[in-house]
Amino acid sequence: MNYFKYIFILFPFFALAQISDVEQDSTAVEYIIVEGDSIPRTSIDLDEVMLLHKLQFDSKKDRVRYLILRRKTIKVYPYAKMAAERLDSMNKRLAGIKKKRHKKKYAKRVQKYIEGEFSDELKKLTRTEGQILVKLIHRQTGKTAFNLVKELRNGWRAFWYNTTASMFDISLKREFDPLNEKEDYLIEDILQRNFQSGRLERQKSKIEFDFYDLTDKWFKPIQNKQ
């Protein structure tokens, strides 16, 4: 039995269009006044830039582990991001459906689509990739995969899916905890670096933490040794 697909029966495929209420004037010009002269300036919104520390490792083995973790994290992050987007879309859509039977019908239709669309891809994930995905779903949604299944399906199914996943050393109850788990901090470090480079599309974490405080915690011991 493939346990990964059950995570994705939770999220709808309907994309909700976002329409801006205000039309932006692309020809608008902003001026700076310098000693009586007006100088035109184009207004540019800059993305937040995070200053990242130089990577340091205790050993070559640790470096290799980081590189493997980076490859796996980059591979599964888009699924977690999509899960958060689909969950948000589904909640908005379900809020507009009044009758319970219509909600059930909608959920079934979503389930069939998701299983057909993503099962083949999710089957290719390894055990470690699957566990990283579970943790990233918690990062992106603020809820564990187990609780998402429990809320949107039922408690028995959540128990069964978790039991099935545990046979492969994967827990759907796993949380993203970069404060207490160094691997989770390294995953966050990988995400931030790839957000900066543009390789991954940034999506804000639903889990509250200060990345700089985490860096001080996990890397000060290494710096003090030198």
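The text that follows walks through the structure, step by step, so that each part is easy to find. (Residues numbered from 1 in each chain as written. Predicted model: local features only at pLDDT ≥ 70, side-chain atom pairs only at ≥ 80, totals over all residues. Heavy atoms only, no water.)

### A short note on the overall build of the protein chain
When helices and strands are counted, the protein chain shows 7 helices and 2 strands. Taken from the N to the C terminus, the helices and strands of the protein chain come in the order β-β-α-α-α-α-α-α-α. Residues counted as buried form 38% of the 226 residues belonging to the protein chain. In the protein chain, once contacts between residues fewer than 6 apart in sequence are set aside, the share between residues at least 24 apart is 79%. When the accessible surface of the protein chain is summed, it comes to about 14,800 Å², and 50% of that surface belongs to carbon and sulfur atoms. (Helix = DSSP H or I, 4+ residues; strand = E, 2+ residues; numbered from the N terminus. Buried < 20%, exposed > 50% of the residue type's maximum accessible area, 1.4 Å probe, protein only. Contact = heavy atoms within 4.5 Å. Areas by Shrake-Rupley, 256 points an atom, 1.4 Å probe, with all protein chains shown as cover.)

### A look at the packing of aromatic side chains
Here the structure, examined in full by the defined rule, presents 5 aromatic pairs. Note on Y77 and F195: the rings are 5.5 Å apart at their centroids and 65° apart in plane angle, and the pair reads as edge-to-face. Here Y77 is found in helix α1 (residues 60-95), whereas its partner F195 is found in helix α6 (residues 182-197), with 118 residues between them in sequence. Since its relative accessible area comes to 1%, Y77 is described here as buried. Looking at K173, its charged tip hangs above the ring of F146, at a distance of 4.6 Å from the centre. (Phe/Tyr/Trp six-rings, centres within 6.5 Å; stacked < 30°, edge-to-face > 60°. Lys NZ or Arg CZ within 6 Å of the ring centre and 35° of its normal.)

### Some thoughts on the pattern of salt bridges
Inspection of the entire model under this criterion finds 9 salt bridges. For the salt bridge of K81 with E85, the shortest nitrogen-to-oxygen distance reads 2.5 Å. On the criterion of helical spacing, the pair formed by K81 and E85 is a turn pair, its members being 4 residues apart in helix α1. Overall, the relative accessible area of 10% leaves K81 in the buried class. Residue E85 is classed as partly exposed on the basis of its relative accessible area of 31%. The salt bridge partner of E188 is R139, with a shortest N-O separation of 2.7 Å. Of this pair, E188 sits in helix α6 while R139 sits in helix α3 (residues 127-141), and the two are 49 residues apart along the sequence. In terms of burial, E188 and R139 fall into one category: buried. Salt bridges linked by common partners bring K81, E85 and E201 together as one network. (Salt bridge = Lys/Arg side-chain N within 4 Å of Asp/Glu carboxyl O.)

### Quick look at a nonpolar patch on the surface
Together, W156, F159 and W160 make up a nonpolar patch on the protein surface, roughly 390 Å² of accessible area in all. Within the element layout of this structure, W156 appears in helix α5 (residues 155-166). (Patch = residues over 30% accessible without salt bridge, like charges linked within 9 Å, V, L, I, M, F, W, Y side chains within 5 Å.)

### Quick notes on the nonpolar core
In this structure, L133, L136, Y185, I187 and L191 are the most contacted members of the largest nonpolar core, which totals 32 residues. Looking at this core, the elements with two or more residues in it are α1, α2 (100-122), α3, α6 and α7 (211-225). The element contributing the most residues to this core is α1, with 11 residues. Setting aside residues up to four positions removed in sequence, L136 forms contacts with T73, V76, Y77, A80, I187 and L191. Judged by nonpolar contacts, the second largest core, of 8 residues, contains F146, V149, A158 and I170. (Core = buried A, V, L, I, M, F, W, Y, C linked by side-chain atoms within 4.5 Å.)

### A few points about a positive patch on the surface
A cluster of basic residues, R93, K99, R101, K105 and R109, forms a positive patch at the surface. With 3 residues, the single largest contributor to the positive patch is α2. Inspection of the secondary structure puts K99 in the loop between α1 and α2. (Lys, Arg positive; Asp, Glu negative; His and termini not counted. Charge placed at Lys NZ, Arg CZ, Asp CG, Glu CD.)

### A short note on α3
Working note: α-helix, 3.6 residues per turn, so residues spaced by three or four point in the same direction. Taking 1.5 Å per residue as the helical rise, α3 with its 15 residues ought to reach 21 Å, and the 21 Å between its terminal C-alpha atoms agrees with that figure. Counting buried positions along α3 gives 13 out of 15 residues, so the element sits mostly inside the fold. One or two steps after α3, the chain reaches G142, where phi turns positive at roughly 85°. (Expected span 1.5 Å × (residues − 1).)

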